[in-house]
Amino acid sequence: MSQDSLNPQASAKALRESEARMRAMLSALPDMIFRVDREGTFLDFHAPSPRVLAVPPERFLGKNLAEVMPEEVARESLRLIAETLRGGKVSPLQEYSLTIAGEKLDFEARFARCARNEVLAIVRDITDRKRSEESARRNEERIRESYKFEALGRLAGGLAHHLNNMMTVVTGYSDLLLSRVENGDPRRGDIEKIRDAGERAAGLTRELLAFGRRQVLRPRILDVHRFLAQLSDTIRDLAGPSIRFALTSGEDSGKVNADPDRLRAALLQLVSNARDAMPGGGDLRLSARIVDPSQGDVGIDAAPGRHVSLVVEDNGSGMDAKTREKIFEPFFTTRMEREGMGLPSVLGFVQQSGGHISVESRPGRGTTIRIGLPCAEREEPAGAIPAAKPGRRRAAILVVTDEAMVRSLLVEVLERGGFEVLVAGTFKEISAVLAARKGGIDLLIADADMSGMRSPEIVRRISARRPGIRVLHLSAYPEKEHSGKRVSRPGTALLRKPFHTRDLLARVELLLGRTPAPP
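The rules behind the values
- Along each chain, the written sequence defines residue order, and numbers are assigned to residues from 1.
- Reporting of local features is limited, given that this is a predicted model, to residues whose pLDDT is at least 70; pairs of side-chain atoms are given and counted only at 80 or more, and all residues count toward the totals for whole chains, interfaces and linings.
- Side-chain descriptors were evaluated using all non-hydrogen atoms of the structure, hydrogens and water having been removed beforehand.
- Only buried residues count toward a nonpolar core, which is a set of Ala, Val, Leu, Ile, Met, Phe, Trp, Tyr and Cys residues joined through side-chain atoms within 4.5 Å.
- Any residue under 20% of the maximum accessible area for its type is buried, any over 50% is exposed, and the rest in between are partly exposed; the area is computed with a 1.4 Å probe on protein chains only.
- Here, residues are in contact when the closest pair of their heavy atoms is within 4.5 Å.
- In this analysis, strands are considered paired if DSSP registers two or more bridges between them.
- Numbering goes from the N terminus for both helices and strands, where a helix is a DSSP run of H or I of at least four residues and a strand is a run of E of at least two.
- A fitted line through C-alpha atoms serves as each axis, taken over the contacting stretch for helices, and the angle formed by two N-to-C directions is quoted from 0 to 180°.
- As used here, the arc is the angular range of directions from the helix axis to the C-beta atoms.

A. Examining the nonpolar core more closely. Counting 39 residues, the largest nonpolar core has Leu-284 and Leu-310 as its most contacted members. Discounting chain neighbours no more than four positions away, the residues touching Leu-310 are Val-224, Leu-228, Leu-263, Ser-287, Ala-288, Ile-369, Arg-370, Ile-371 and Leu-373.

Here you go:
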């Protein structure tokens with residue numbers, strides 16, 4: 001036996017040093033350690049700092065788990081304590097959440113036996129980790145959704161391209177047949193039904209193009225407050241008398257560079273959905289404000305850059321999480337009479353306009369949809385098509401398209417309109433036509449949706465040999481080569497497919513500087 005062990009002072013000193021070392025080691029740990037008896041009463045504790053503890057000791061010391069913890073957490077903890085005392089092993093991890101001072105905090109705990117009827121509860125605050133995991137999960141989900149919608153958008157855009165060519169033929173030949181049939185002819189009604197079906201299908205392809213972010217947009221600078229004020233009466237009429245409508249916007253609501261027709265259609269689609277969610281009446285609110293993250297504007301509206309937030313809010317039936325996740329998918333609908341392309345087309349328009357959209361909704365708690373569009377600071381002047389010198393000679397038109405049915409339709413319509421028509425479907429055919437043509441060519445009609453040739457290259461080659469030739473692009477959606485300044489430059493126009501024959505002839509006459517013939 002050593003001399004120190006017989007010396008009470010030395011023993012006390014050694015004990016103090018041992019306790020100091022233990023406290024130092026415990027202080028280095030991020031965990032809270034509680035000593036708890038068999039019945040779940042808190043006997044003692046250690047915490048690295050008062051901040052980590054979150055609540056003062058008097059709130060739990062000497063009290064039972066059931067007094068300070070939610071019922072289900074206390075019940076599971078007592079079960080683990082009993083198992084730990086019985087088996088002598090460290091318990092599995094227990095995760096639970098507590099709301100302290102209005103903030104939801106997450107913890108994990110495990111129990112280890114330290115005496116016959118006592119355990120140590122080793123507790124770690126995992127709130128930051130949980131939030132990081134949730135943020136990572138949401139980011140991964142957003143990326144996955146982005147990839148999914150990108151793939152769906154490409155599919156929708158490609159499908160709409162081919163459908164538009166077919167609908168151009170259906171609508172065009174329906175117009176030609178109607179022009180040959182007298183008003184009293186019984187076949188006229190059948191032809192009109194075919195044309196109406198073609199127009200409805202054309203509307204669906206436009207929505208597909210909108211979802212695929214390939215629709216033809218004609219953006220201009222819009223004063224948001226003035227735009228919404230002009231739209232408010234239409235919204236009231238659409239919502240109906242049982243809906244209480246309120247508009248909140250001011251002169252400082254900002255400006256956006258957007259297609260007014262598509263923005264109007266998007267807002268009316270959201271209003272229509274809100275009305276359907278409130279069959280017994282309710283409240284509908286539309287508001288607008290500028291959001292600037294650089295000025296501390298954060299929250300659900302937060303997005304990179306200064307933008308105008310348009311919010312459509314109702315207190316209708318709302319949606320569950322499963323429905324909310326699918327509302328932007330093409331052809332998903334909760335109403336059988338709908339085609340399910342309303343919200344997907346809204347999403348496509350917003351994204352094509354450089355904006356973002358978010359949805360909040362809970363069953364029985366209504367729905368809030370926020371559209372954010374980048375702020376526009378100044379307006380750019382629009383281009384114009386100057387009229388050519390009037391004349392009534394038989395104008396020559398070169399039609400370039402690789403779609404045989406569209407080509408046949410264009411030839412028939414233009415020849416019936418009194419024009420001389422030349423056709424080509426490849427660069428080789430274009431060269432042959434230009435080489436054989438002795439006279440001038442007044443107008444080029446170029447199909448901008450061809451797979452093998454790009455319309456800017458077609459225009460460049462033909463313009464090199466026929467300077468000043470006027471150009472009419474036919475397209476279902478804009479590409480970089482025929483959007484913006486390229487379409488608005490003098491002598492150039494764009495006609496959206498599918499089109500009516502009267503619209504084609506009117507646009508041709510306008511480009512040639514002639515007064516369009518009456519329909």
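B. Main features of the sheet that holds strand β14 (residues 420–424). Taken together, the five strands give an open sheet; going across it, the order is β14-β13-β15-β16-β17, and neighbouring strands pair in parallel fashion. In this open sheet, the two strands that pair with only one neighbour each are β14 and β17 (492–496). The sheet shows a mean angle of 20° between the axes of neighbouring strands, direction not considered. Relative to β17, strand β16 (residues 470–475) runs parallel, the two sharing five bridges. If you follow Val-471 over to β17, its bridge partner there is Thr-492.

C. Structural view of the pairing of β16. Buried residues dominate β16, accounting for six of its six residues. Taking every second residue as pointing to the same face, both faces of β16 are buried, with Arg-470, Leu-472 and Leu-474 on one and Val-471, His-473 and Ser-475 on the other. In this sheet, β16 lies alongside strand β15 (residues 443–447) in parallel orientation, the contact comprising five bridges. Within β16, the residue paired with Asp-447 across the bridge is Leu-474.

D. Geometry of helix α12 (residues 427–436). Taken together, the buried positions of α12 are occupied by Ile-430, Val-433 and Leu-434. The buried residues of α12 all sit within an arc of 95° when viewed along its axis, so they share a single face. For α12, exposure combined with an orientation more than 90 degrees from the buried face picks out Lys-428 and Ala-436. Of the surrounding elements, those touching the buried residues of α12 are β13 (396–400), β14 and α13 (455–465).

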